[in-house]
Amino acid sequence: MVTLSDFQRIGLGLVGFGAFFILFGMLLYFDSVLLAFGNILFLSGLVFIIGFRRTFTFFFQRQKLKGTSFFLGGVLIVLMRWPILGMLLEAYGFVSLFRSFFPVAFGFLGSLGNIPILSKLLQKLGESSSMV
């Protein structure tokens, strides 16, 4: 079992609420206030979980600058009340930033369940390393 500090627990809650507000804002036809609030909660929760320095170094690595610029640019566009364009930019930036993490996550999800078709599909997605 992984032990979490109090700051990491707070960060996990902030990320969870951020994801909730982002999804709720998308369900309410891209409500810009909910999306902006979700973005702020998500980013502050990430800082609480892994720390300010590690968050900064993750986002501003040389090979991830394109994804970072799209993600943070999308956050700014949402804050300026252009929610659909901002969320499209954020989605592209998110996929670009976390591209190397997706095979690991799919492999982990595939090893968890005993659902025959879904677990084989997730394991196959986790094995493919073509997402460079």
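Residues numbered from 1 in each chain as written. Predicted model: local features only at pLDDT ≥ 70, side-chain atom pairs only at ≥ 80, totals over all residues. Heavy atoms only, no water.

(A) Expanded view of the overall build of the protein. Across its full length, the protein carries seven helices and zero strands. Secondary structure of the protein in N-to-C order comes out as α-α-α-α-α-α-α. Counting every position in the protein, which comprises 132 residues, the buried fraction comes to 31%. Here the analysis covers contacts within the protein between residues at least 6 apart in sequence; of these, 48% occur between residues at least 24 apart. Of the roughly 9,300 Å² of accessible surface on the protein, 74% is carried by carbon and sulfur atoms. (Helix = DSSP H or I, 4+ residues; strand = E, 2+ residues; numbered from the N terminus. Buried < 20%, exposed > 50% of the residue type's maximum accessible area, 1.4 Å probe, protein only. Contact = heavy atoms within 4.5 Å. Areas by Shrake-Rupley, 256 points an atom, 1.4 Å probe, with all protein chains shown as cover.)

(B) Summary view of a nonpolar patch on the surface. Taken together, the side chains of Phe-17, Phe-20, Phe-24, Leu-27 and Leu-28 make up a nonpolar region of the molecular surface, amounting to roughly 540 Å² of accessible area. Residue placement: Phe-17 occurs in helix H1 (residues 6–27). (Patch = residues over 30% accessible without salt bridge, like charges linked within 9 Å, V, L, I, M, F, W, Y side chains within 5 Å. Salt bridge = Lys/Arg side-chain N within 4 Å of Asp/Glu carboxyl O.)

(C) Layout of helix H5 (residues 83–97). The first and last C-alpha atoms of H5 sit 20 Å apart over 15 residues, in line with the 21 Å expected at 1.5 Å per residue. For H5, every residue scored as buried is listed here: Pro-83, Gly-86, Met-87, Glu-90, Gly-93, Ser-96 and Leu-97. On its buried face, H5 sits against H1, helix H2 (32–50), helix H3 (52–59) and helix H4 (65–79). (Expected span 1.5 Å × (residues − 1).)

(D) View of the pattern of salt bridges. Under the definition given, this model contains one salt bridge. Note that Asp-6 and Arg-9 form a salt bridge whose closest N and O atoms lie 3.9 Å from each other. Here the residue Asp-6 and the residue Arg-9 both occupy positions in helix H1, the gap between them amounting to three residues, near one helical turn. Taking the relative accessible area as the measure of exposure, Asp-6 reaches 57% and is therefore exposed.

(E) Examining the side chain of Thr-55 more closely. Mapped onto the elements, Thr-55 comes out in helix H3. Within polar-contact distance, the side chain of Thr-55 engages the backbone oxygen of Gly-51 at 2.6 Å. Leaving out residues up to four positions away in the same chain, Thr-55 has contacts with Leu-46, Val-47 and Ile-50. (Polar contact = N/O pair within 3.5 Å; in protein donor to acceptor, adjacent residues only side chain to side chain.)

(F) Broad picture of the environment of Met-80. As for its position among the elements, Met-80 is in the loop between H4 and H5. Overall, Met-80 belongs to the exposed group, its relative accessible area being 57%. Sequence-wise, Met-80 and Ala-36 are 44 residues apart; in three dimensions their C-alpha atoms are separated by 9.1 Å.

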